[in-house]
Amino acid sequence: MTKRRVVVTGLGLVTPVGIGVKDSWKNIISGVSGISTITKFDPTNFSSKIAGEVKNFDPSLYLNPKDARRMDTFIQFGLVAGIEAFKDSGIVVTDDNAHRIGVSIGSGIGGINLIESTNDLYDKGGPRKVSPFFIPGTIINMISGNLSIIFGLKGPNVAIVTACTTGTHSIGDAARMIEYGDADVMVAGGSEAAITELSVAGFSAAKALSSRNDDPRTASRPWDIDRDGFVIGEGAGVMVLEELEQAKKRGAKIYCELSGYGMSADAYHITAPSIDGPKRSMLNALKNAGINADQIQYINAHGTSTPLGDLNETNAIKETFGNSVDKLVVNSTKSMTGHLLGGAGGIESVFTALAIHDQISPPTINIFNKDPECDLDFCANQAREIRIDAALKNNFGFGGTNGSLVFKKI
């Protein structure tokens, strides 16, 4: 069968730089950092005391307050972003189309906040203190489950868990479901809310986090020679994917086309990256899109601000793009949001779609002393209007799992 074309018709965001697409995108283009000292718990005894927290989030403004209290924060974030994206698409659910609309929103860690707080209650009062809503309030597929209930979406209902590649895989797999006829519309993305004591302690023990606690806003420094680790972030990014002809028929607003999806495994190490895996992921995405490397103008990179990871991605991009690498503009929006783990691919795919739609590359802020070994054009410190006919989005996760997406102007 002929592969059907997939376009993006709705966007939703909850990020450290804003709640909603309008505010988040405005701040990303302006180079605003959402990173500050942790307020969710007392970070005094932690080596990393900073994070990209979502500010002024009140779930009762978007969700039934009674239902929201039974959900971990990652579910709340995912639902708010999903609701915004679905409303943005303008799709009307009917008895005739409900079974052709599905959801694929995942998370890398899931309900760790509610798990930690429930464990405290258990320690103090035993099993009778555990809520009957504990399990459905923490498991990862409950963003998809709850969103399908809210809108009556009866198509595929799934949740992917692949660490920091979760959002990208969720979107890529959702596109495949449309391409091959399992659905006509998919609501897809990723969400995370893992700024908790146990989570931050774990990443700190792994020496993964920045300890630039005296200057939070400049702590995330992708490709800067003084980068010292990633800054943990939270939030959600969701997009509505739709079969092209249906979108055109109903007069939908189309942001861009999702034309390629690539995956790979490093098969190398549980945390350390390899050049080969990301390279094959990018090449697979380009092949699936049916385009050559020299047709890409912009990359929203994984770019976490870790010494090894940033260099590894730089070298993988060089090997993938060869002689056309000098034509690329590459940026990392993690310099402003921090690393949202399983939510990263969701929000960064939304940023990539907006970059194409508005023909602008967000900046990579905090490049003060560019690493000479990371020698690409990283759109340092200021947004830039550029021509973007096709863009690539990368995410790579623990376990050596890689994902890349190709978005095109339409």
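Throughout, residues of each chain are indexed from 1 in the direction in which the sequence is written. Residue-level local features of this predicted model are given only where pLDDT is at least 70; pairs of side-chain atoms are given and counted only at 80 or more, and the full residue set underlies all totals for whole chains, interfaces and linings. In computing side-chain values, all of the structure's heavy atoms are included and hydrogens and water are not.

### A closer look at the overall build of the protein
Numbering goes from the N terminus for both helices and strands, where a helix is a DSSP run of H or I of at least four residues and a strand is a run of E of at least two. When you go through the protein residue by residue, the secondary structure sums to twelve helices and 15 strands. Radius of gyration (C-alpha) of the protein: 20 Å, near the 22 Å computed for a compact globule of 410 residues. Taking the principal axes of the C-alpha coordinates as reference, the protein spans close to 65 × 55 × 40 Å. Whether two residues touch is decided by their heavy atoms; if any such pair falls within 4.5 Å, the residues are in contact. Considering only intrachain contacts with a sequence separation of at least 6, the fraction spanning at least 24 residues in the protein is 78%. For the area figures, the Shrake-Rupley method with a 1.4 Å probe applies, and any residue is considered shielded solely by the protein chains shown. Element-wise, carbon and sulfur atoms account for 51% of the exposed surface of the protein, whose accessible area totals about 15800 Å². Radius of gyration: C-alpha atoms only; globule rule: 2.2 Å multiplied by the number of residues to the exponent 0.38.

### Quick look at the pattern of salt bridges
Here, a salt bridge means any side-chain nitrogen of Lys or Arg that lies within 4 Å of a carboxyl oxygen of Asp or Glu. Taken as a whole, this structure holds 18 salt bridges when the rule is applied. A salt bridge links Glu-242 to Arg-250; the nearest nitrogen and oxygen atoms lie 2.8 Å apart. Think of it in three bands: residues with accessible area under 20% of the maximum for their type are buried, residues over 50% are exposed, and the middle band is partly exposed, with areas taken using a 1.4 Å probe on protein chains only. Here Glu-242 falls in the buried class, since its relative accessible area comes to 0%. Salt bridges here are not isolated pairs; linked through shared partners, they connect Arg-4, Arg-100 and Asp-184.

### As for the packing of helix 3 (residues 73-89) against helix 5 (residues 142-151)
Where helix 3 contacts helix 5, the axes come no closer than 9 Å and their chain directions differ by 40°. Taken together, the axis directions place helix 3 and helix 5 in an arrangement best described as oblique. In this structure, helix 3 crosses over helix 5, and the sense of that crossing is right-handed. Contacts from Phe-74, Ile-75, Gly-78, Leu-79, Gly-82, Ile-83 and Phe-86 in helix 3 reach Met-142, Ile-143, Asn-146, Leu-147, Ile-150 and Phe-151 in helix 5. Residues are sorted three ways: Asp, Glu, Lys and Arg are charged, Ala, Val, Leu, Ile, Met, Phe, Trp, Tyr, Cys and Pro are nonpolar, and all the rest, Gly among them, are polar. Residues that form the contact of helix 3 with helix 5 fall into these classes: ten nonpolar, three polar and no charged. Between N-to-C directions, angles span 0 to 180 degrees; the directions come from axes that are lines fitted to C-alpha atoms, helices contributing only their stretch in contact. For classification purposes, an angle smaller than 35 degrees is called roughly parallel, one larger than 145 roughly antiparallel, one from 65 to 115 roughly perpendicular, and anything else oblique. By definition, any crossing whose near helix is turned counterclockwise from its far helix by less than a right angle is left-handed, and any crossing with a clockwise turn is right-handed.

### Observations concerning a negative patch on the surface
Side chains of Asp-42, Asp-120, Asp-123 and Glu-197 sit close together on the surface and give a patch of like negative charge. Note that Glu-197 resides in helix 7 (residues 197-205). Only residues whose relative accessible area exceeds 30% and that form no salt bridge are eligible for patches; like-charged ones are grouped when within 9 Å, while nonpolar side chains (Val, Leu, Ile, Met, Phe, Trp, Tyr) are grouped when within 5 Å. When charges are counted, Lys and Arg are positive and Asp and Glu negative, with His and the chain ends excluded. Lysine's charge is taken at NZ, arginine's at CZ, aspartate's at CG and glutamate's at CD.

### Observations concerning the nonpolar core
Within the largest apolar cluster, 42 residues are counted, with the highest numbers of intra-cluster contacts made by Val-8, Leu-11, Met-239, Leu-241 and Phe-407. Taken together, the elements giving at least two residues each to this core come down to strand 1 (6-15), helix 1 (21-29), helix 6 (166-179), strand 7 (185-192), strand 8 (235-243), strand 9 (256-265), helix 12 (344-358) and strand 15 (401-408). Look past the residues within four positions of Met-239 in its chain and what remains in contact with it is Val-8, Gly-10, Leu-11, Ala-85, Ile-171, Met-186, Val-187, Ala-188, Ser-349, Val-350, Ala-353 and Phe-407. With 30 residues, the next largest nonpolar core counts Ile-105, Ile-140, Leu-147 and Leu-153 among its residues. We call a set of buried residues a nonpolar core when its members are Ala, Val, Leu, Ile, Met, Phe, Trp, Tyr or Cys and they connect through side-chain atoms within 4.5 Å of each other.

### What to know about unusual backbone geometry
Of note, the phi angle at Asn-56 is positive, near 55°, even though the residue is not glycine. Mapping Asn-56 onto the fold places it in the loop between strand 4 (50-51) and helix 2 (65-68).

### Here's the deal with the side chain of Asn-288
Mapped onto the elements, Asn-288 comes out in helix 9 (residues 276-289). Residues adjacent in sequence count toward polar contacts only when both atoms are side-chain atoms; beyond that, a polar contact is any pair of N or O atoms within 3.5 Å, and within protein one must be able to donate a hydrogen and the other to accept it. Engagement of the side chain of Asn-288 in a polar contact is seen with the backbone nitrogen of Tyr-261, the distance being 3.0 Å.

### Examining the environment of Lys-393
Among the secondary structure elements, Lys-393 is positioned in strand 14 (residues 390-397). What makes Lys-393 buried here is its relative accessible area of 0%. Each C-alpha atom, one on Lys-393 and one on Arg-227, is 22 Å from the other, the two residues being 166 residues apart in sequence. Apart from residues lying up to four places away in sequence, Lys-393 is in contact with Thr-168, Asn-300, Ala-301, His-302, Glu-348, Ser-349, Thr-352, Gly-403, Ser-404, Leu-405 and Phe-407. In this structure the side chain of Lys-393 is engaged in a polar contact, spanning 3.0 Å, whose partner is the backbone oxygen of Asn-300. A distance of 3.0 Å separates a polar atom in the side chain of Lys-393 from a polar atom in the side chain of Glu-348.

### Considerations on the side chain of Glu-313
In this structure, Glu-313 sits in helix 10 (residues 307-321). No salt bridge forms around the buried Glu-313; measuring N to O, its nearest opposite-charge neighbour Lys-393 is 6.5 Å away. A distance of 2.9 Å separates a polar atom in the side chain of Glu-313 from the backbone nitrogen of His-302. Among residues more than four places away in sequence, those in contact with Glu-313 are Trp-223, Ala-301, His-302, Gly-303, Asn-394 and Phe-396.

### Section: the pairing of strand 1
Put simply, side chains in a regular strand alternate between the two faces of the sheet. Of all ten residues in strand 1, ten are buried; the element is thus mostly enclosed. Only strands joined by at least two bridges in the DSSP assignment are considered to pair. With three bridges connecting them, strand 1 and strand 9 associate as antiparallel partners. Pairing of Val-8 across the sheet is with Cys-256, part of strand 9. Across eight bridges, the pairing between strand 1 and strand 8 is antiparallel. Bridged to Leu-11 within strand 8 is Met-239. Bridge count between strand 1 and strand 2 (residues 18-19): two bridges; the pairing is antiparallel. Paired with Val-14 across the strands is Ile-19, a residue of strand 2. Connecting strand 1 to the next strand, strand 2, in antiparallel fashion are two residues.

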